[in-house]
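Chain and residue survey
So the chains spell out like this:
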Amino acid sequence: MRSFFHVSDIGDLNAALAEAREVKRTPYQWHHLGEHRTIMLVFFNSSLRTRLSSQKAALNLGMSPIVLNIGQDSWKLETELGVVMDGDKSEHLREAIPVMASYCDIIGVRSFAGLTDREFDYSETILRQFVEYAGKPVISLESATVHPCQAFADLITIDEYWRADQAQGLNIGRRPKVVLTWAPHPRALPQAVPNSFAEWMNAADVDLVITHPEGYELDPLFVGKAQVEYDQMKALQDADFVYAKNWSCPGVTCPQDYGKILSKDTSWTIDDWHMAVTNNARFMHCLPVRRNMIVSDSVIDSPRSIVIPEAANRVVSAQVVMKRMLESL
Ligand code: CP
């Protein structure tokens, strides 16, 4: 595996999920693979889960992780080509990427969308430079438009809980109904998490419904065959999994509003009233989450909330991806 950005990079999903179960059962089985190997984890933006789960996954595989916080531990980096570098950025990605790549075997990069220029963000300008100049396998640790490590962990979690239900004789012979619901947030957030969640759920054995206020339509490339329902309560009806997330305007139906907050409607906050119309759904969120904005305390603290096991599975998803990259070096 040379890159991990999209669901297509992981190949057969059932095989990937089986591998994830094996990695979770015996995480140190492949410790020899990473011997004398180094992964560079480059962060342009803050992180708790991605940073720690990636390091843990690398250590489980016997690999040495190096973490670099751009602009804090390093020089500030220029990301745009052809500019006169007379500002506060001392080094260009054009040099920094091959230098970093010369110190490692795999590179992971977190670089959020700027949310001002849709074309710059949706062409994954920074991630593409890593691919072009690193010459090493590259993992998106959440780039401008995708967060595949999160979406893979989300799928592993849904698969795990659905299998556990079926082992108890529940929900036999049907696919889970998974609802991705927009929820309010005080700041403008990127679309990477909902984009990847939709992309991965479309490829998985689930029925996906996406619900959001008008104007928040995700890029059709990610929505795929999912049902889009503007009435949130209707969408949540009989859901087995409720995945809440905020995102800013993707600029699909209103390009001039790209990256803006169009609504802070708190009637979209997931609370007991919303969960009551579901099929006793499990609640999911990628974290970090704003309590009583995205979800009420009562829902996230309930026994049906699986946000902590979901976060724990970030190690599993990262480890499957790194394992495959190590095997192909
Ligand atoms: N879900 C997620 O990516 O968390 P962090 O931003 O803390 O890494």
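It should be noted that the structure appears before, not after, this text.
Attention here is on the structure that accompanies the text.

**Some words on the overall build of the protein**
Looking only at helices and strands, the protein has 12 helices and 12 strands in total. Computed over the C-alpha atoms, the radius of gyration of the protein is 20 Å, within 12% of the 20 Å expected from 2.2 N^0.38 for a compact globule of 329 residues. Taken along the three principal axes of its C-alpha coordinates, the protein extends 55 × 50 × 30 Å. Per-residue burial for the protein yields a buried fraction of 58% across its 329 residues. Long-range contacts, defined as pairs at least 24 residues apart, comprise 77% of the intrachain contacts of the protein with a sequence gap of at least 6. In the form shown here, the protein has an accessible surface area of approximately 14,000 Å², with 52% of it arising from carbon and sulfur atoms. Charged side chains of the protein number 32 positive and 41 negative; the gap between the two group centres comes to 4 Å.

**Focus on the pattern of salt bridges**
According to the stated counting rule, one finds 18 salt bridges in the structure shown. R163 is paired through a salt bridge with D159; the nearest N and O atoms lie 3.2 Å apart. A residue pair is termed a helical-turn pair when its members lie 3 or 4 positions apart in one helix, as R163 and D159 do in helix α6 (residues 148–167) at 4 residues. The buried category is assigned to D159, whose relative accessible area is 16%. Of the charged contacts in the structure, one is a salt bridge between D301 and R291, with a shortest N-O distance of 2.8 Å.

**Things to note about the packing of aromatic side chains**
If you walk through the whole model with that rule in mind, you get 8 aromatic pairs. Measuring from centroid to centroid gives 3.9 Å for F197 and Y243, while their planes differ by 20 degrees, and the two rings are stacked. With F197 in helix α7 (residues 192–203) and Y243 in strand β11 (residues 241–245), the pair connects residues that are 46 residues apart, well separated along the chain. Just as F197 is buried, Y243 falls in that class too. Clustering of aromatic rings is evident, with ring pairs tying together F4, F152 and W200. Geometry around Y133 places R94 over its ring, the cationic atom sitting 3.9 Å from the centre. Directly above the ring of Y122 sits R118, whose terminal nitrogen or CZ lies 4.0 Å from the centroid.

Criteria and cut-off values
Residues numbered from 1 in each chain as written. Predicted model: local features only at pLDDT ≥ 70, side-chain atom pairs only at ≥ 80, totals over all residues. Heavy atoms only, no water. Helix = DSSP H or I, 4+ residues; strand = E, 2+ residues; numbered from the N terminus. Rg over C-alpha atoms; globule rule 2.2 N^0.38 Å. Buried < 20%, exposed > 50% of the residue type's maximum accessible area, 1.4 Å probe, protein only. Contact = heavy atoms within 4.5 Å. Areas by Shrake-Rupley, 256 points an atom, 1.4 Å probe, with all protein chains shown as cover. Lys, Arg positive; Asp, Glu negative; His and termini not counted. Charge placed at Lys NZ, Arg CZ, Asp CG, Glu CD. Salt bridge = Lys/Arg side-chain N within 4 Å of Asp/Glu carboxyl O. Phe/Tyr/Trp six-rings, centres within 6.5 Å; stacked < 30°, edge-to-face > 60°. Lys NZ or Arg CZ within 6 Å of the ring centre and 35° of its normal.

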